Structures are given as structure tokens and as C-alpha cells.
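# Architecture at a glance
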Amino acid sequence: HLLLEASKGETSVPHIYLKTLPPSFDNFLFLTDADVESLASTHPHAAREAAEAKASLLESFHAVQPILRALSMPKYSTLGAFRWSMACVQSRTMSMGLGDTAGCLTPWGDLHNHTPMLRPHTPWNDGCIEDDCAAVAGEGFFDEHEQRYVLVTRVPVRAGRQVFLTYGRLTN
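Residues numbered from 1 in each chain as written. Predicted model: local features only at pLDDT ≥ 70, side-chain atom pairs only at ≥ 80, totals over all residues. Heavy atoms only, no water.

### A short note on a nonpolar patch on the surface
A cluster of nonpolar side chains, contributed by Ile16, Trp108 and Leu111, occupies part of the molecular surface with about 330 Å² of accessible area. Position of Leu111 relative to the elements: it lies in the loop between β2 (103-104) and β3 (137-143). (Patch = residues over 30% accessible without salt bridge, like charges linked within 9 Å, V, L, I, M, F, W, Y side chains within 5 Å. Areas by Shrake-Rupley, 256 points an atom, 1.4 Å probe, with all protein chains shown as cover. Salt bridge = Lys/Arg side-chain N within 4 Å of Asp/Glu carboxyl O. Helix = DSSP H or I, 4+ residues; strand = E, 2+ residues; numbered from the N terminus.)

As C-alpha cells, this is what we get:
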């Protein structure tokens, strides 16, 4: 769907958001074969992970080729465009909170900075004053009734204060 929206250019509803997405990423999908080889001597586990990520990308790309061809969007049917879309989804998707692994791109919501470690949610720290908190955490969920993605905090936030998102112990 991301490639289809990108192919629409300025007629796409999220056009402005799509223009803010990075053109490339510093992740395994963008490593060259030579990069993966150079990792092997010092970081063999990372080299294996990178090789597996690249193989999975190629397998997925070949699987969606009939769909991409049917959509008649040649500029967005290339391996490079597919790699870009996969990297966007892998690095910017936010949980739908629907009990499965489904996620979504949330225009502007994914621009929040991340903080890896926040105090756990407990009944006795819900009312902490933000200056006493290590960081102000935001969480998100998809509101089915409102049909929108909602970002919330568990503590009051003063105007101008940065709100961080947290993935827990996960990385992007």
C-alpha cells in the first residue's frame, strides 16, 4: 500500500507525510554484499542476520511481483522501491494494539523521539509530576470507534515539553 500511495504523487492523501520519509536507511536491507562480507570476520552473527534479511527481502519482492505489475506503477515496482518501503514499514510502524503483530504507519506520530527505558506503569506512579519522571512516555493504540491512531501519556505534560515514545527493550 505504501508503494501505491507513493506512486500517486501529489494526489495521494498522505503525500506531504510521504515526502518526509527518508530516501534510504542504515539497516541490513541497504547493505551491499561487500558490506555483509566485511561484517563476517568481526561480527558473524550480524552478517548472518543481514544475509537472512536480504534473502527475505528478495523472496518477498519476488512474491509480490504479480501484484506490483498489475498496479502498473513501473517506477515503484523495482527492488529499490520495494526495499525502501520495507525499511519504512520495519522502522516506522506503530502497534495497532489489537493483540496481534499488525501495525500501521502513523503520519507525524512516528516523528517522536524514542527513549528505551522508562519506569514501568504501576498504580502508584500514574500521578507523578513530570519533572519527577525520568522521561514523559507516550503510548499509542488504534481507536476502533474513532477510526484513528491515538497517542497518550500517563502523566500530565506541560506545554513545550518533549514526549517520547518507547518500544520497551525493542530497537527499531
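### Details of the nonpolar core
Ranked by size, the top nonpolar core spans 18 residues in total, and within it Leu2, Leu3, Leu18, Leu21, Trp84 and Cys88 carry the most contacts. Put simply, the parts of the chain that give this core at least two residues each are α1 (2-7), α2 (15-20), α4 (44-70) and α5 (79-92). In this view, Trp84 contacts Leu2, Leu3, Ala6, Leu21, Pro22, Pro23, Phe25 and Phe30; residues no more than four positions away in its chain are not counted. (Core = buried A, V, L, I, M, F, W, Y, C linked by side-chain atoms within 4.5 Å. Buried < 20%, exposed > 50% of the residue type's maximum accessible area, 1.4 Å probe, protein only. Contact = heavy atoms within 4.5 Å.)

### Focus on the confidence of the model for the protein chain
For the protein chain, per-residue confidence averages 80 on the pLDDT scale, and residues scoring 70 or more make up 77% of the total. Here β3 stands out as the element of the protein chain with the lowest mean pLDDT, 68, in contrast to α1, whose mean of 94 is the highest. For the stretch residues 121-135, pLDDT sits under 50, and the model shows 25 contacts to residues farther than four places along the chain or on other chains. (pLDDT = per-residue confidence, 0-100.)

### Focus: the side chain of Arg83
Relative to the assigned elements, Arg83 resides in helix α5. Of the side chains with opposite charge, Asp33 comes closest to the buried, unpaired Arg83, at an N-O distance of 8.1 Å. In this structure Arg83 touches Leu29, Phe30 and Leu57, once residues within four positions along its chain are discounted. (Lys, Arg positive; Asp, Glu negative; His and termini not counted.)

### A look at the packing of α4 against α5
Two elements in contact, α4 and α5, have axes whose closest approach is 10 Å; the angle formed by their N-to-C orientations is 115°. Between α4 and α5, the crossing angle belongs to the class labelled roughly perpendicular. At the point where α4 passes α5, the crossing takes the right-handed sense. The segment α4 lies against α5, with Leu57, Leu58, Ser60, Phe61 and Val64 engaging Leu79, Phe82, Arg83 and Met86. (Axes fitted to C-alpha atoms, helices over the stretch in contact; angles between N-to-C directions. Parallel < 35°, antiparallel > 145°, perpendicular 65-115°, else oblique. Left-handed = near helix turned anticlockwise from the far one by under 90°.)

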